[in-house]
Amino acid sequence: MGQETGLFVYGIVPSDVEPTPDAPGVGDPPGEVRAIRHGELAALVSEVGLEEPLGRPADLTAYQELLDGTAAVAPVLPVRFGTVVTGPDAVADLLQAHHERFAAALDELENRVEYVVHGRYEERELIGDVLADDPSAADLARQVRGQPEEATRPERIRLGEMISQAVELRREAENRQVLDAVAGLVVDSVARAPSSELDAVHLAFLVDADRADDFVDALERYAGQRGNLVRLRLLGPHAPYDFVDAHQLVG
């Protein structure tokens, strides 16, 4: 008996969108991506075995590359990674039941893409700045310098707490400064959780495609102002993962 299969759903797009040619889907071997259409909408899907484990790095890469490639040419509503339905009828039912909401959301996303700004402090520069700004922390640093860890454990713990608190305050300020730097150039923004204790900024932006160059220029100017303190990375353009997904519109 052959393995039972279902359809992995990547995203919702306008009905005239064709899947990216030769785009590999999830699974091993990768499934062929196709579109299932209903009215003004289509869902990008590929066949997967119902007992097949998903979540390999290659699966997540295939999911993101398909949606990001689609977002470069058409609006797309990402469907949460790992969503599998029983077959074409289930996909058509989903599109029919939520047609108006999906269509309205796609209209809102027309010619818009997501960028992610991720900045990380250079540790040596950061600690130097914190100690220069806080005499109490600087005094603790002098007390523990060159001393055995066991003998200065309370002081080291306190110093670590002071530096951590200072980084949190600086991170809040850094996020506000980045938002100010791109004010008027973005449609929306979302703060992402820090991925490291040295994170300076982690923000997602929804940007009109025709303002993308101005947005990038503004960030480059900001990065230049931060010198050696912050290493800033710009990721994108992406599908609008942080701003909408089909699951948010269902219910």
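All figures in this text were calculated on a predicted structure; none of them were measured in a lab.

Give me the packing of helix α5 (residues 135–144) against helix α6 (residues 153–181): which residues, what numbers.
Following both chains from N to C, one finds α5 and α6 inclined at 145°, their axes separated by 10 Å at the closest point. With respect to the hand of their crossing, α5 and α6 are arranged in left-handed fashion. Contacts from Ser 136, Ala 137, Leu 140, Ala 141, Gln 143 and Val 144 in α5 reach Glu 155, Arg 156, Arg 158, Leu 159 and Met 162 in α6. Counted by class, the contact of α5 with α6 contains 6 nonpolar, 2 polar and 3 charged residues.

So what's going on with the sheet that holds strand β7 (residues 188–191)? Which residues, and what values?
Reading across the sheet, the 4 strands line up as β7-β8-β6-β9 and stay open at both edges, with antiparallel pairing between neighbours. The sheet is open, and its two edges are formed by β7 and β9 (230–238), each paired on a single side. Sheet twist, expressed as the average angle between the axes of neighbouring strands with direction ignored, equals 20°. The sheet contact formed by strand β6 (residues 112–121) and strand β8 (residues 199–208) spans 9 bridges and is antiparallel. Counterpart to Gly 119 in the pairing with β8 is Val 201. Sheet strands in contact with α6 are β6, β7, β8 and β9, and its direction is about 20° off that of β8.

With reference to specific residues and values, describe helix α3 (residues 99–109).
Looking only at α3, the buried set comprises His 99, Phe 102, Ala 103, Ala 105, Leu 106 and Leu 109. Axial view of α3: buried residues confined to an arc of 165°, hence all on one face. The outward face of α3, more than 90 degrees from its buried face, is lined by the exposed residues Glu 100, Asp 107 and Glu 108. Directly after α3, the chain includes Asn 111, whose backbone phi takes a positive value near 60°.

Lay out the nonpolar core with the relevant residues and their values.
Generally speaking, nonpolar side chains in soluble globular proteins are found buried as a group. In this structure, Ile 12, Leu 77, Val 91 and Phe 102 are the most contacted members of the largest nonpolar core, which totals 23 residues. Among the secondary structure elements, those contributing two or more residues to this core are β1 (5–14), β3 (41–49), α2 (88–97), α3 and β8. With 5 residues, α3 is the single largest residue contributor to this core. Dropping the residues within four chain positions of it, Val 91 is found in contact with Leu 7, Val 9, Ile 36, Ala 43, Val 45 and Val 85. In this structure, Phe 8, Leu 44, Val 48 and Ala 74 belong to the second largest nonpolar core, which totals 19 residues.

Describe the pattern of salt bridges, and please don't skip the residues or the numbers.
Using the criterion set out here, one finds 14 salt bridges in the structure. A salt bridge links Arg 158 to Glu 161, with the nearest nitrogen and oxygen atoms 3.7 Å apart. You can see Arg 158 and its partner Glu 161 sitting in helix α6, 3 residues apart, about one turn around the helix. Under the relative-accessibility criterion, Arg 158 is labelled partly exposed at 38%. The exposure class of Glu 161 is partly exposed, given its relative accessible area of 39%.

Would you mind going over the packing of aromatic side chains in detail, with residue names and values included?
Here the structure, examined in full by the defined rule, presents 8 aromatic pairs. An angle of 65° between the planes, with centres 5.6 Å apart, marks the rings of Phe 8 and Phe 81 as edge-to-face. A residue pair is termed long-range when its members are at least 10 positions apart, and Phe 8 in strand β1 and Phe 81 in the loop between β4 (77–78) and β5 (84–85) qualify at 73 residues. We classify Phe 8 as buried; its relative accessible area is 0%. A connected cluster of aromatic rings, assembled from ring pairs, spans Phe 8, Tyr 10, Tyr 63, Phe 81 and Tyr 241.

About the criteria used
Residues numbered from 1 in each chain as written. Predicted model: local features only at pLDDT ≥ 70, side-chain atom pairs only at ≥ 80, totals over all residues. Heavy atoms only, no water. Axes fitted to C-alpha atoms, helices over the stretch in contact; angles between N-to-C directions. Helix = DSSP H or I, 4+ residues; strand = E, 2+ residues; numbered from the N terminus. Left-handed = near helix turned anticlockwise from the far one by under 90°. Contact = heavy atoms within 4.5 Å. Nonpolar A, V, L, I, M, F, W, Y, C, P; charged D, E, K, R; others polar. Pairing = 2+ DSSP bridges. Buried < 20%, exposed > 50% of the residue type's maximum accessible area, 1.4 Å probe, protein only. Arc of directions from axis to C-beta. Core = buried A, V, L, I, M, F, W, Y, C linked by side-chain atoms within 4.5 Å. Salt bridge = Lys/Arg side-chain N within 4 Å of Asp/Glu carboxyl O. Phe/Tyr/Trp six-rings, centres within 6.5 Å; stacked < 30°, edge-to-face > 60°.

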